[in-house]
Amino acid sequence: MKALKNDQPTCTENLLAMRDTLDILGGKWKLLILHYLITRESQTNTFKKIQREVLGISAKVLTKELKDLEENKLVEREELDTKPKMVEYRITDYGKSSKQLIQQLVYWGKNHRYKMLQS
């Protein structure tokens, strides 16, 4: 990996890129939802199923987060022709580009948890 330059224009550009990333992926739930959809890509992931399996998320918050992820082309939704009406969510190809980042966060989180337990 190429080392980042420390000159001011590059630093400012990197800070703006980081802010954009945090605006899109930040918060308590978005990365968890993306991780959920990536790891269950071959399954049918309805709204109710996601809400049931992403522990602690309310329907209102899940609706907002899925809408945000859809607007940013990370997730797509499909209304299923069922009664009662159900909606399926799946990760987009673009959304899959977050997989490596999410894996690194999981790895870092596991290491951090281990370090804190050793203290």
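Since the structure is predicted, the reported quantities are computational estimates derived from the model, not experimental observations. (Residues numbered from 1 in each chain as written. Predicted model: local features only at pLDDT ≥ 70, side-chain atom pairs only at ≥ 80, totals over all residues. Heavy atoms only, no water.)

Overview of the pattern of salt bridges
Should the charged atoms of two oppositely charged side chains come close, the side chains can pair.
Move 1: A complete count under the given rule lists twelve salt bridges for this structure.
Move 2: When the shortest N-O distance is used, the salt bridge between E78 and R90 registers 2.5 Å. Of this pair, E78 sits in strand β1 (residues 75-80) while R90 sits in strand β2 (residues 86-91), and the two are twelve residues apart along the sequence.
Move 3: Classification of R90 as partly exposed rests on a relative accessible area of 26%. (Salt bridge = Lys/Arg side-chain N within 4 Å of Asp/Glu carboxyl O. Helix = DSSP H or I, 4+ residues; strand = E, 2+ residues; numbered from the N terminus. Buried < 20%, exposed > 50% of the residue type's maximum accessible area, 1.4 Å probe, protein only.)

Notes on the nonpolar core
Move 1: I33, L34, L37, V75 and Y89 are the most contacted members of the largest nonpolar core, which has 20 residues in total.
Move 2: Counting residues per element, the ones that place at least two in this core are α2 (30-39), α3 (47-53), α4 (59-71) and β2.
Move 3: For this core, the element with the highest residue contribution is α2, accounting for five residues. (Core = buried A, V, L, I, M, F, W, Y, C linked by side-chain atoms within 4.5 Å.)

Describing the pairing of β1
Move 1: Both β1 and β2 contribute to a ladder of six bridges, which runs antiparallel. Note on β2: the bridge partner recorded for E78 is E88.
Move 2: Linking β1 back to β2 in an antiparallel pair, the connection comprises five residues. (Pairing = 2+ DSSP bridges.)

What to know about the side chain of N45
Move 1: Along the chain, N45 turns up in the loop between α2 and α3.
Move 2: Those residues within four positions of N45 in sequence are excluded, and the remaining contacts are Y36, L37, R40, I50, V87, E88 and Y89. (Contact = heavy atoms within 4.5 Å.)

With respect to helix α1 (residues 8-25)
Move 1: Taking 1.5 Å per residue as the helical rise, α1 with its 18 residues ought to reach 26 Å, and the 25 Å between its terminal C-alpha atoms agrees with that figure.
Move 2: Looking one or two residues past α1, G27 carries a phi angle of roughly 100°, positive in sign. (Expected span 1.5 Å × (residues − 1).)

Focus on the packing of α2 against α4
Move 1: α4 packs onto α2 with a crossing angle of 75° between their chain directions and a minimal axis gap of 10 Å. The angle between the axes of α2 and α4 places the two elements in the roughly perpendicular class. Between α2 and α4, the residues in contact are K30, I33 and L34 and L62, E65, L66, D68 and L69, respectively.
Move 2: Among the residues forming the contact of α2 with α4, the class breakdown is five nonpolar, no polar and three charged. (Axes fitted to C-alpha atoms, helices over the stretch in contact; angles between N-to-C directions. Parallel < 35°, antiparallel > 145°, perpendicular 65-115°, else oblique. Nonpolar A, V, L, I, M, F, W, Y, C, P; charged D, E, K, R; others polar.)

Let's talk about the packing of α2 against helix α6 (residues 99-118)
Move 1: The N-to-C vectors of α2 and α6 enclose an angle of 110°; their axes lie 10 Å apart at closest approach. Compared by their axis directions, α2 and α6 come out roughly perpendicular. For the pair α2 and α6, the crossing hand works out as left-handed. For the pair formed by α2 and α6, the contact residues are L31, L34, H35 and I38 on the first element and K99, I102, L105 and V106 on the second.
Move 2: Split by residue class, the contact of α2 with α6 holds six nonpolar, one polar and one charged. (Left-handed = near helix turned anticlockwise from the far one by under 90°.)

Looking at the confidence of the model for the protein
Move 1: On average, residues of the protein score 93 in pLDDT, and 94% of them reach the 70 mark or higher.
Move 2: When mean pLDDT is taken per element in the protein, helix α5 (residues 93-96) scores highest with 98 and α1 scores lowest with 89. (pLDDT = per-residue confidence, 0-100.)

Observations concerning unusual backbone geometry
Move 1: Along the chain, K83 connects to P84 via a cis peptide bond; the corresponding omega equals 0°.
Move 2: As for its placement among the helices and strands, P84 is situated in the loop between β1 and β2.
Move 3: Even without being glycine, K73 reaches a positive phi, approximately 65°.
Move 4: The topology assignment puts K73 in the loop between α4 and β1.
Move 5: For K73, a relative accessible area of 59% puts it in the exposed group.

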